[in-house]
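Next come the chains, spelled out residue by residue.
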Amino acid sequence: MSEGSVEIKDLVKTYTDDRGRPTFTAVKNISLHIEDGEFMVLVGPSGCGKSTTLRMVAGLEKITSGTISIGERVVNELEPKDRGIAMVFQNYALYPHMTIFNNMAFGLQLAKKKKDFISDTVGRTSKALGLDHMLERKPHALSGGQRQRVALGRAIVRSPKVFLFDEPLSNLDAKMRVQMRSEISKLHAQLGNTMIYVTHDQVEAMTMGDRICVMRDGLIMQVADPLNLYRQPDNLFVAGFIGSPPMNLLKGKVQRRDGSLFFTEATEKNPLNIPLKGKLEPLASKYIDKDIIFGIRPEHLSDEVKDPAHVPVTSTVEIAEPMGSESLVYLKAGTANLIARIHGEHLFHLGEQVTVQFNLDKVSLFDAATENVIR
């Protein structure tokens, strides 16, 4: 195992009351391998266990059972300072009475490094982060983005094996978040260290991670690179969580009519019927007269016929959000509510009839009972 790799095995975190009785299990027997030098993102809604997992890796939260290894060492019983990690928090955690130089140098001073070494290391790091002209300022004189850079610098100077980021950008405005995302990604490319990054923002996850671990209710739902998560979600939760706007998910049944298979929406009045042909036919043939969920992303609904895999569906515009080169159009087709991402400079009007083309090559089918994708 390489020195910056992280191995999480059968990890459990259960909180207890004053008498030691279990009250809540935040992390439920998860296992995850993170390669040396990998940028791994833990993503999921609030309360899914991602920050608790990160804090156990950091040594800030006691492990109930399971093991965490960094490199060759099991670190369960090691103090945070002995684990070879550095953590960047959501709230920066800077010392308000110290200058930027002293904030960045503090860890090196505690480690009793020589003055020349500290001065050189902080100087190089501050220059790389664009902070070299403000080292004598104190945190209150900095913007949110500058404070977050100081927090990054303080982590970098320690030369850790593993960087841990706990929602580091959530206190920044939208423009600054985009800028800091690219700065952290560049930093990873330059340093090559292992980075574990926690966020609830799936756009952050998709744009930054080498791989993404999607969590829900203390469990890992899927681990994959961003494109595979987007193209091949393992289950309904990942399909709905990854992608903005989210995937259109329609409940219904597979039915056979006149020798062909159709997805029929689960409603008695004016149901949507979509032929299940091409790659969908062998998948759907196992589910005739059974409940399934039909999933298609907004960008796979278009207003142009491109090839035989496209199936036309008549719909009515309910809301349109023009965004210049594309529009998000909220549609009603039968009783189904759909979102389509239509490319081109169109103006859609409330009540307008639009024929959208469903790209069947991009459709995912899910078992309604297990919520797993049908493969």
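As shown above, the structure is provided for reference.
Source: prediction; values computed, not measured.

**Comments concerning the overall build of the protein**
For step 1, the next point in the chain: For the protein, the helix and strand inventory stands at nine helices and 20 strands.
For step 2, the next point in the chain: Within the protein, the fraction of its 375 residues that count as buried is 48%.
For step 3, the next point in the chain: Once local pairs closer than 6 in sequence are excluded, the contacts in the protein between residues at least 24 apart make up 65%.
For step 4, the next point in the chain: In the structure as shown, the protein presents an accessible area of about 18300 Å², 50% of it carried by carbon and sulfur atoms.
For step 5, the next point in the chain: Positive and negative charge centroids in the protein, built from 46 and 45 side chains respectively, lie 6 Å apart.

**Digging into the packing of aromatic side chains**
For step 1, the next point in the chain: For the coordinates displayed, the defined rule picks out seven aromatic pairs.
For step 2, the next point in the chain: Taken together, a centroid distance of 6.1 Å and an interplanar angle of 45° make the contact between phenylalanine 294 and phenylalanine 358 tilted. Placement of the pair is phenylalanine 294 in strand β14 (residues 291-296) and phenylalanine 358 in strand β19 (residues 353-359), with a sequence separation of 64 residues.
For step 3, the next point in the chain: Note on phenylalanine 358: relative accessible area 0%, which makes it buried.
For step 4, the next point in the chain: Members of the aromatic cluster, joined through ring pairs, are Phe39, Phe163, Phe165 and Tyr197.
For step 5, the next point in the chain: Against the face of tyrosine 15 rests lysine 13, its NZ or CZ located 4.9 Å from the ring centre.
For step 6, the next point in the chain: Geometry around phenylalanine 262 places arginine 257 over its ring, the cationic atom sitting 4.5 Å from the centre.

**Observations concerning the environment of threonine 264**
For step 1, the next point in the chain: Residue position: threonine 264 is located in strand β12 (residues 260-265).
For step 2, the next point in the chain: Considering only alpha carbons, one finds threonine 264 and isoleucine 292, 28 residues apart in sequence, at a separation of 9.6 Å.
For step 3, the next point in the chain: The residues contacting threonine 264, other than those within four sequence positions of it, are Gly252, Lys253, Gln255, Arg257, Pro271, Leu272 and Asn273.
For step 4, the next point in the chain: In this structure the side chain of threonine 264 is engaged in a polar contact, spanning 3.3 Å, whose partner is the side chain of glutamine 255.
For step 5, the next point in the chain: A polar contact is formed between the side chain of threonine 264 and the side chain of asparagine 273, at a distance of 2.8 Å.

**Brief notes about the sheet that holds strand β15 (residues 301-302)**
For step 1, the next point in the chain: Read from one edge to the other, the open sheet built from five strands follows the order β15-β19-β16-β17-β18, with strand pairing classed as antiparallel. A strand with exactly one partner marks an edge of an open sheet, and here the two such strands are β15 and β18 (336-343).
For step 2, the next point in the chain: Two elements, strand β17 (residues 326-333) and β18, share eight bridges in a ladder whose sense is antiparallel. When the sheet's bridge partners are listed, glutamate 326 is paired in β18 with histidine 343.

**With respect to the pairing of strand β6 (residues 85-88)**
For step 1, the next point in the chain: Along β6, one buried face is formed by Ile85 and Met87 and the opposite face, lined by Ala86 and Val88, is buried too.
For step 2, the next point in the chain: With four bridges connecting them, β6 and strand β7 (residues 162-166) associate as parallel partners. If you follow methionine 87 over to β7, its bridge partner there is leucine 164.

**Let's talk about the sheet that holds β12**
For step 1, the next point in the chain: Ordered in space as β13-β12-β11-β14-β20, the five strands form an open sheet in which the pairing is antiparallel. Among the strands making up the open sheet, the edge pair consists of β13 (273-275) and β20 (364-367). When the angles between neighbouring strand axes are averaged without regard to direction, this sheet yields 40°.
For step 2, the next point in the chain: As defined by bridge partners, strand β11 (residues 248-257) adjoins β12 across six bridges and the pair is classed as antiparallel. By the bridge assignment, arginine 256 is partnered in β12 with leucine 261.

**What to know about the state of the cysteines**
For step 1, the next point in the chain: Here the structure, examined in full by the defined rule, presents zero disulfides.
For step 2, the next point in the chain: Of all cysteine sulfurs in the structure, the one in cysteine 213 sits closest to cysteine 48, which takes part in no disulfide; the separation is 8.6 Å.
For step 3, the next point in the chain: Judged by its relative accessible area of 1%, cysteine 213 falls in the buried class.

Rules of the game
- Here the residue index of a chain counts from 1 through its sequence in written order.
- Side-chain atom pairs in this predicted model are given and counted only at pLDDT of 80 or more, local residue features only at pLDDT of at least 70, and totals for whole chains, interfaces and linings cover all residues.
- Each side-chain value is derived from all of the structure's non-hydrogen atoms; neither hydrogens nor water enter the calculation.
- We count a stretch as a helix when DSSP gives it H or I for four or more residues in a row; a strand needs E for two or more, and each element gets its number in order from the N terminus.
- Think of it in three bands: residues with accessible area under 20% of the maximum for their type are buried, residues over 50% are exposed, and the middle band is partly exposed, with areas taken using a 1.4 Å probe on protein chains only.
- Contacts were defined at the residue level, with two residues in contact if any of their heavy atoms lie within 4.5 Å.
- With residues, only the protein chains shown are counted as cover, and all accessible areas are computed by Shrake-Rupley using a 1.4 Å probe.
- By the counting scheme adopted, Arg and Lys are positive, Glu and Asp are negative, and His together with the chain ends is not counted.
- Taken as the charge location is NZ of Lys, CZ of Arg, CG of Asp or CD of Glu.
- Under the pairing criterion, centres of Phe, Tyr and Trp rings, with the six-membered ring standing for Trp, must be within 6.5 Å; the plane angle then separates stacked pairs below 30 degrees from edge-to-face pairs above 60, leaving the rest tilted.
- The criterion for a charge sitting over a ring is simple: Lys NZ or Arg CZ within 6 Å of the ring centre, and within 35 degrees of the ring normal.
- Here a polar contact is recorded for every N or O atom pair within 3.5 Å, except that within protein the pair must consist of a potential hydrogen donor and a potential acceptor, and residues adjacent in sequence are included only if both atoms are side-chain atoms.
- Being paired, for any two strands, means DSSP has found at least two bridges between them.
- Every angle, taken between N-to-C directions, lies between 0 and 180 degrees, and every axis is a line fitted to C-alpha atoms, over only the stretch in contact when it is a helix.
- Any pair of cysteine sulfurs within 2.5 Å is marked as a disulfide.

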